[in-house]
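Summary of the model geometry
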Amino acid sequence: MSSTELAADIVDGVGVVSLNRPHRHNAVTDVLFEALSTTVRRYLDDPAVGCLLLRGEGASFCSGRDTAELGHRAGGEDDFTFVRAHQRLRLDMLDATKPIVAAVQGAALGGGFEMALAADIRIIADNAVFGLPEVELGLVPDTGGTQILPALIGPARAKYLVLSGARIDAATAYAWGLAEELVPVDMLETRAMQLCRLLATRPALAMSMGKMLVNQSTAGAIRTGIGQELLAQTALFGSADYQRIKQRATGARQEGH
């Protein structure tokens, strides 16, 4: 299956899902999010798929929400409903019985970083850059970033990223425990598919139970925390800080035209 903003195929039992907006560093639009949600859920339910691979076309994995649509609600949803829909995809990934691998190159920012965090295994290229820039907009990460991150790298480093909006390079991310493998950028696709093909051949029931058992150590706390992210972000969308920053950004875009 392919579309303008997302491409997907099953290769040797691996559901390969590719974000396909390289000209925008695979920034997520409403259209891309709907295609991604539909495809990921379909592959998670497909008995022909033993493992999912998330990747991005072009220079970057995913630079997060497309700023041209930031705060935009195409369906007229309230902020609570909008954020919750995005959280549900992350929770479906965490709850999935199949392993999910993220192959990350270039920018993995904001929601793109959180998408990678929701995968079970991350293989990153040596040019990868990670960051949570939401604080610059008067917001917080809202699809698991404040919850999954401390489970991987500890609370102090998680606070550093969430509160400062700082970017870290691939070597730092690997040293902190954000990735299981660090490879040269030209080897990323080969290595990611090699691992996914292996995982796709493992006994499905044992894989499902193994993932579930490992998740038990943090699952309850992460789910509770994601619910708190939802409430916090809904409130922040109405804050004076966010409204002021949004108006300034809108004015800058209009001047650019």
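Residues numbered from 1 in each chain as written. Predicted model: local features only at pLDDT ≥ 70, side-chain atom pairs only at ≥ 80, totals over all residues. Heavy atoms only, no water.

Note the threshold: UniProt positions are given in the numbering used here, feature names are shortened, and annotations may be inferred rather than shown by experiment.
By the naming in an unreviewed UniProt entry, the protein chain goes by Enoyl-CoA hydratase and is assigned to Mycobacterium europaeum. According to the UniProt record, the Function (unreviewed entry) comment for the protein chain reads "Could possibly oxidize fatty acids using specific components." Turning to the protein chain, the UniProt record has this under Sequence similarities (unreviewed entry): "Belongs to the enoyl-CoA hydratase/isomerase family."

1. Side note on the pairing of strand β4 (residues 100-104)
As a general feature of sheets, a regular strand has side chains that alternate between the two faces. So the rule is basically this: Think of it in three bands: residues with accessible area under 20% of the maximum for their type are buried, residues over 50% are exposed, and the middle band is partly exposed, with areas taken using a 1.4 Å probe on protein chains only. Strands here mean DSSP runs of E at least two residues long; helices mean DSSP runs of H or I at least four residues long; both are numbered from the N terminus. A strand pair is defined by DSSP finding two or more bridges across the two strands.
Counting buried residues along β4, five of its five residues qualify, which places the element largely inside the surrounding structure. Pairing between strand β3 (residues 51-56) and β4: three bridges, direction parallel. Residue pairing for β4: L52 is matched across the bridge by I100. As defined by bridge partners, β4 adjoins strand β6 (residues 121-125) across four bridges and the pair is classed as parallel. Residue pairing for β6: A103 is matched across the bridge by I123.

2. Considerations on the nonpolar core
This is how the line gets drawn: Nonpolar cores are built from buried Ala, Val, Leu, Ile, Met, Phe, Trp, Tyr and Cys residues. Side-chain atoms within 4.5 Å join them into one set. We call two residues in contact when some of their heavy atoms are within 4.5 Å.
The biggest cluster of nonpolar side chains holds 49 residues, and the ones touching the most others in it are F61, V104, F130 and L149. A total of six residues in this core trace back to one element, the largest contributor, which is helix α1 (residues 30-45). Leave out the neighbours within four places in its chain, and V104 touches F61, A116, I123, I124, A125, A128, F130 and L188. Listed in part, the 15 residues of the second largest apolar core include C51, I123, L188 and A192.

3. Quick notes on the sheet that holds strand β1 (residues 6-11)
The following threshold applies: Fitted lines through C-alpha atoms serve as axes, helices being fitted only where they are in contact, and the angles separating the N-to-C directions of these axes extend from 0 to 180 degrees.
Pairing is mixed across the open sheet formed by six strands, whose spatial order is β1-β2-β3-β4-β6-β9. Among the strands making up the open sheet, the edge pair consists of β1 and β9 (181-183). Put simply, the sheet's adjacent strands are angled 20 degrees from each other on average, direction ignored. Bridge count for strand β2 (residues 14-19) against β3 is six bridges, and the pairing is parallel. Looking across to β3, one finds that G15 is bridged to L52.

4. Quick notes on the packing of α1 against helix α2 (residues 79-95)
Our working rule: An angle below 35 degrees is treated as roughly parallel, one above 145 as roughly antiparallel, one from 65 to 115 as roughly perpendicular, and anything else as oblique. Handedness of a crossing follows from how the near helix is turned relative to the far one, being left-handed for an anticlockwise turn of less than a right angle and right-handed for a clockwise one. Put simply, Ala, Val, Leu, Ile, Met, Phe, Trp, Tyr, Cys and Pro go in the nonpolar bin, Asp, Glu, Lys and Arg in the charged bin, and everything else, Gly too, in the polar bin.
Remark: α1 packs on α2, axes separated minimally by 11 Å, with the N-to-C direction vectors making an angle of 30 degrees. Overall, the two elements α1 and α2 adopt an arrangement that is roughly parallel. Here α1 runs over α2; the crossing is left-handed. Contact residues: α1 offers D30, F33, L36, S37, V40, R41 and L44, while α2 offers F82, A85, H86, R88, L89, D92 and M93. The residue makeup of the contact of α1 with α2, split by class, is eight nonpolar, two polar and four charged.

5. Thoughts on the sheet that holds strand β8 (residues 167-169)
What holds strands together in a sheet is hydrogen bonding between their backbones, with the strands either parallel or antiparallel. Pairing is mixed in the open sheet, where three strands are placed in the order β5-β7-β8. Only two strands of the sheet have a single neighbouring strand rather than two, namely β5 (107-109) and β8. The average angle at which neighbouring strand axes cross in this sheet is 20 degrees, direction not considered. Pairing geometry for strand β7 (residues 129-131) and β8, over three bridges, is antiparallel. Bridge assignment links F130 to a residue of β8, and that residue is I168.

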